[in-house]
Amino acid sequence: MKDVRDVIEDAKKQNLFSGKSPILFIDEIHRFNKSQQDSLLHAVEKGWIVLIGATTENPSFEVVSALLSRSQVYILKALSYEKLEELIDIASERYNKDEGTQFKILEKEAFIQYSGGDARKLINSVELVLNQYKNSDTVEIINSDVLEVLQETMALYDKNGEQHYDIISAFIKSMRGSDPNGAVYWLARMIAGGEDIKFIARRMLILAAEDIGLANPNALVIANNCFQAVNVIGNPEARIILSETAVYLAVSPRVIPLIWLLMMHWHW
């Protein structure tokens, strides 16, 4: 934090003479606590700096409201499947050039799913896998080779991501249909497939609000606690919290559809 204060002080002096506000970029700004973030507020208000903060967390939860209200939030989307495929080709070609190898990556699904849309993680995984086979007779890399090196158990999704949406849909429908066994089964499929646990928890939050609602107000509380817990604990223990919450939501009473209430009102 001392480095940040020094930068702000230098920016303040520079601003007095040039009138130009230098850019202060803070990576992982969510790691700054509330008081540290508050200390940036005065410099931002005075225009001494142009603050750019990057975070992988939801800024609504991790950035103080005073700072967030003075900011413009930009959401960076995950790279598309096609862009990730292209990046794998670029990374492998560069590796072959630098190391004098002749690797060919015949199957890319494992790399892409492991990356989660993150270009840096994708490039690192390509380098890691190719390093592992550098002194072997293997030159053609397939999914099983990648999984063996990365030590990941993934039920690979298809190229268009249809299975991804089919499985999450089946998971939600199982809970809507009060089928706890089905909900746990589809949850296990997603976890085995490397699905983002935050994505699963968010979908359960939505279900608790939309499908259960006032029929069981505790459902939303428990789903929200689940979301917070998986953020803190992470894998592999998050599977326990997710499965317990899925079962609870599956056996909770359903909300009375609004259209039924309207029809009853008209009948009266």
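The structure this text deals with has already been given above.
Residues numbered from 1 in each chain as written. Predicted model: local features only at pLDDT ≥ 70, side-chain atom pairs only at ≥ 80, totals over all residues. Heavy atoms only, no water.

Caption draft 1: Spotlight on the overall build of the chain. When helices and strands are tallied, the chain shows 14 helices and four strands. A total of 268 residues make up the chain; the buried ones form 34% of that total. Here the contacts in the chain between residues at least 6 apart in sequence split such that 67% fall between residues at least 24 apart. For the chain, the accessible area works out to roughly 16800 Å², and carbon and sulfur atoms hold 54% of it. (Helix = DSSP H or I, 4+ residues; strand = E, 2+ residues; numbered from the N terminus. Buried < 20%, exposed > 50% of the residue type's maximum accessible area, 1.4 Å probe, protein only. Contact = heavy atoms within 4.5 Å. Areas by Shrake-Rupley, 256 points an atom, 1.4 Å probe, with all protein chains shown as cover.)

Caption draft 2: Focus on the nonpolar core. The biggest cluster of nonpolar side chains holds 28 residues, and the ones touching the most others in it are Phe171, Met175, Met204, Val230, Leu242 and Leu249. Residue assignment for this core shows that the elements contributing at least two residues are α9 (162–176), α10 (180–192), α11 (197–212), α12 (218–233) and α13 (238–251). Here this core takes nine residues from α11, the largest share from any one element. If we ignore the near neighbours within four places in the chain, the residues touching Phe171 are Ala183, Trp186, Leu187, Met190, Ile200, Met204 and Ala246. Within the second largest apolar cluster, 20 residues are counted, among which are Phe103, Ile112, Val126 and Val146. (Core = buried A, V, L, I, M, F, W, Y, C linked by side-chain atoms within 4.5 Å.)

Caption draft 3: Fine view of the packing of aromatic side chains. Going through the model one piece at a time under the given rule, you end up with two aromatic pairs. With a centroid separation of 4.9 Å and an interplanar angle of 70°, the aromatic rings of Tyr185 and Trp186 are classed as edge-to-face. For the cation-ring pair, Lys121 lies above Tyr114, with the distance from its terminal atom to the ring centre recorded as 4.5 Å. (Phe/Tyr/Trp six-rings, centres within 6.5 Å; stacked < 30°, edge-to-face > 60°. Lys NZ or Arg CZ within 6 Å of the ring centre and 35° of its normal.)

Caption draft 4: Layout of the pattern of salt bridges. Counting across every chain of the model gives seven salt bridges. For Glu45, the salt bridge goes to Arg70, with nearest N and O atoms at 2.8 Å. Here Arg70 lies in the loop between α4 (65–68) and α5 (81–99) and Glu45 lies in helix α2 (residues 34–46), a separation of 25 residues in the sequence. Here Glu45 falls in the partly exposed class, since its relative accessible area comes to 45%. Residue classification places Arg70 among the partly exposed positions, given a relative accessible area of 42%. Taking the shortest distance from any N to any O, the salt bridge between Asp89 and Lys108 comes out at 2.8 Å. With Asp89 in helix α5 and Lys108 in the loop between β3 (104–105) and α6 (109–115), this pair connects stretches of sequence that are 19 residues apart. Given a relative accessible area of 15%, Lys108 falls into the buried group. (Salt bridge = Lys/Arg side-chain N within 4 Å of Asp/Glu carboxyl O.)

Function-wise, these values are silent; they only describe arrangement.
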